[in-house]
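One-letter residues, chain by chain:
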Amino acid sequence: MKTLLVVHYIQEVEKFKYILPGLGDVHVVYDTEIGLSNAKQWQHNGKMTTYNVGVPRRPWWYILARHCDDYRFWKKLPQSEYYKNRARQSYGSYKHLVWLPLGWLKRLYRVPEYILEHVKKLSPDVLITTSLSFPPLHIQAEYVMAAKELGIPVISMLTNHDALTTKSVMWPKPDYLFLWNGNHSFEATMYHGIRASQIEFVGAFSFEHWLNVRPTRRDKFCAKWGLDINKPIYTYLTSSNSISGLEVGATEQWRDAMKNNGQLVVRAHPDKVHLMAGIPGVTAIPNVSEGTFTQEAFQLAVDTYAHSEACYGINTSVFIEASLVGTPCYSLDVRLEDKLSMGGQSGIHFRQLKEILGEDSPKLVREWLGIGKELPSSLIVKKIIAIIE
């Protein structure tokens, strides 16, 4: 069995790590590399082969056609004005033309020969990709088009809960779409034109590594970060700049409201660690910019969540991680905060996420993620093998 996985960033392979061992000879195509990843170790161990492929230069009429499709997608989508305005900014010089009915032009676009030949040479049994609901910025669309032209089944698998309502209309359409839950199913059929027969429910495989984690002993964690083992810890989880702005004001308000309750920690999004580390009265963990792609960074996230009495924030997917570790998560009321923060909280995906937040978030999160008795990775491998056979 040979599998071709196409992603934006090499780090995205981490989200598939429990699935790939069951998919035989794995080849990974990506177009952007940021930092380091355990994917490097897998490649060196001979478990997979990776290819860094440049994004082709697309003709102007193809870009216009995609924007015209997106314009109609955003008119139909009951999303907040914050996200609609963010989408409009991507139209650039085409902004006065997107209302035209020119979406059909995209079907005239042909896959560059070097990509078609690459897929032919690899001759995979299946092509797997992440969400195809992105503007034409990455390599995925061309590889999917090539696979479909060659009769290779295409499976799109969603790695996050907002993939279908914050980016773009799905193009090209996959043969199969692996989803988490009913929210995803409704969005896929209503807004992206996916047929019910193309949908498979598999659960949130990209969060499987947060199940059954083991935190470091509390005394060791506290000693390393200068915290008192006997006092409760409360943690603020920041969002990205594009969702909630800088969040300095929100963090300071939270600090002032919570300062008499215990020790205050901030776990910052990598793009604002330097800001959080400079706020008096809180401990930034980590104090350098990092994600959770290395085992050490992942363990630090687990420890921070596990040793916190509760986690707070505006609108962030790491609420899901903390809830899976077993810590209640609460969303702050930002009606008096800046407009960007309010915009982030007005999105469809946040309204869905908010349903599970609160004291019972550790109890509710697994069902919300669509994770049942059989783990997503096991279910996915079975379904892929059935598709190929």
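So, here is what we can say about the structure in this document.

With respect to helix 11 (residues 295–306)
- With 12 residues, helix 11 extends 16 Å between its outermost C-alpha atoms, agreeing within 8% with the 16 Å of an ideal straight helix rising 1.5 Å per residue.
- Those residues of helix 11 lying buried are Ala 297, Phe 298, Leu 300, Ala 301, Val 302, Asp 303, Thr 304 and Tyr 305.
- Taken together, the buried residues of helix 11 touch helix 7 (218–225), strand 8 (233–237), strand 9 (263–267), strand 11 (310–313) and helix 12 (318–325).

Re empty space enclosed by the protein
- For the structure shown, the criterion picks out 1 cavity of 30 Å³ or more.
- By volume, the largest cavity is sized at about 90 Å³.
- Surrounding the largest cavity, 15 residues form its lining, Phe 134, Pro 135, Gln 140, Ala 141 and Trp 171 being those nearest its centre.
- Of the residues in the lining of the largest cavity, the class split is 8 nonpolar, 5 polar and 2 charged.

Focus: the side chain of Glu 142
- Within the secondary structure, Glu 142 is located in helix 5 (residues 140–149).
- Under the relative-accessibility criterion, Glu 142 is labelled buried at 0%.
- Apart from the residues lying within four places of it in its own chain, the contact partners of Glu 142 are Pro 56, Arg 58, Tyr 109, Val 111, Pro 112 and Ile 115.

What counts and how
- Residues numbered from 1 in each chain as written.
- Predicted model: local features only at pLDDT ≥ 70, side-chain atom pairs only at ≥ 80, totals over all residues.
- Heavy atoms only, no water.
- Helix = DSSP H or I, 4+ residues; strand = E, 2+ residues; numbered from the N terminus.
- Expected span 1.5 Å × (residues − 1).
- Buried < 20%, exposed > 50% of the residue type's maximum accessible area, 1.4 Å probe, protein only.
- Contact = heavy atoms within 4.5 Å.
- 1 Å grid on protein atoms, 1.4 Å probe; cavity = no way out; pocket = protein on both sides within 12 Å on 5 of 7 lines; lining within 4 Å.
- Points joined across faces, edges and corners; volume = space filled by probe spheres on them.
- Nonpolar A, V, L, I, M, F, W, Y, C, P; charged D, E, K, R; others polar.

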